[in-house]
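Here is what each chain is made of, one letter per residue.
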Amino acid sequence: MDSLELDFSLDARLDNDCITLGDFPLCRLLLMNDSQYPWLILVPRRAGTTEIYHLSKEDQQQLMIESSEVSETLADAFGARKINMGMLGNIVSQLHVHHIVRQESDPAWPGPVWGKVPAIPYTAEQLEEVGEKVKSMLSGEVAFTTP
């Protein structure tokens, strides 16, 4: 573990809006607490990182590997019409990558999900179901550990 990982802390807004599912070799995996969309977020565990080019070349490659694993898992687990990915960072500057399952029936289709409708938090039962579904499918080539 290097000093950048030792000094890593999750932005308070991400910590407030999400549930931690576990860690990949580089990124913390979060579930956005909005039951309207299966929505995962990868956050590289590197202190002070706000842009992809702040990561080493190896970490950039690892981020792409983990992002592909998350996208494929979401598509398979939830029958996605499309996976939307985004890295805006205008409000939360800590580097994080959104992976959102989109369906033609979702409340924001075909536009972006941000600001369209208020979030509807998961019930405890829904949270358990979605969390277990995602975790059980993350058994690919990328190591994943749960808290």
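Residues numbered from 1 in each chain as written. Predicted model: local features only at pLDDT ≥ 70, side-chain atom pairs only at ≥ 80, totals over all residues. Heavy atoms only, no water.

A. Highlighting the packing of aromatic side chains. Under the criterion given, the structure shown has three aromatic pairs. Seen from their ring centres, Phe 24 and Phe 144 are 4.9 Å apart, and the 55 degrees between their planes marks the pair as tilted. Of this pair, Phe 24 sits in the loop between β1 (18-23) and β2 (27-32) while Phe 144 sits in the segment after α4 (124-137), placing them 120 residues apart in sequence. Across the pair, Phe 144 and Phe 24 agree in class, each one buried. Between Tyr 37 and Trp 39, the aromatic rings sit 6.1 Å apart at their centres with planes inclined by 75 degrees, giving edge-to-face as the arrangement. You'll find Tyr 37 and Trp 39 in the same group, each marked buried. (Phe/Tyr/Trp six-rings, centres within 6.5 Å; stacked < 30°, edge-to-face > 60°. Helix = DSSP H or I, 4+ residues; strand = E, 2+ residues; numbered from the N terminus. Buried < 20%, exposed > 50% of the residue type's maximum accessible area, 1.4 Å probe, protein only.)

B. Structural context of α4. Taking 1.5 Å per residue as the helical rise, α4 with its 14 residues ought to reach 20 Å, and the 20 Å between its terminal C-alpha atoms agrees with that figure. Those residues of α4 hidden inside the fold are in contact with β1, β2, β3 (39-44) and α3 (57-78). (Expected span 1.5 Å × (residues − 1). Contact = heavy atoms within 4.5 Å.)

C. Spotlight on the pairing of β3. Most of β3 sits out of view: six of its six residues are buried. Of the pairings in the sheet, the one linking β2 to β3 comprises five bridges and is antiparallel in character. Opposite Leu 29, over in β3, you have Leu 42 as the bridge partner. In this antiparallel pair of consecutive strands, β2 and β3, the connection spans six residues. The pairing of β3 with strand β5 (residues 97-102) spans four bridges and is antiparallel. Of the residues in β5, the one forming a bridge with Leu 42 is Val 97. (Pairing = 2+ DSSP bridges.)

D. Geometry of the nonpolar core. Ranked by internal contacts, the top residues of the largest apolar core, which has 22 residues, are Phe 24, Leu 29 and Leu 40. Of all the secondary-structure elements, those providing two or more residues to this core are β2, β3, α3, β5 and α4. Grouped together as the second largest cluster of nonpolar side chains are 14 residues, Leu 10, Met 32, Val 43 and Val 92 included. (Core = buried A, V, L, I, M, F, W, Y, C linked by side-chain atoms within 4.5 Å.)

Interpretation in functional terms is not warranted from these geometric data alone.
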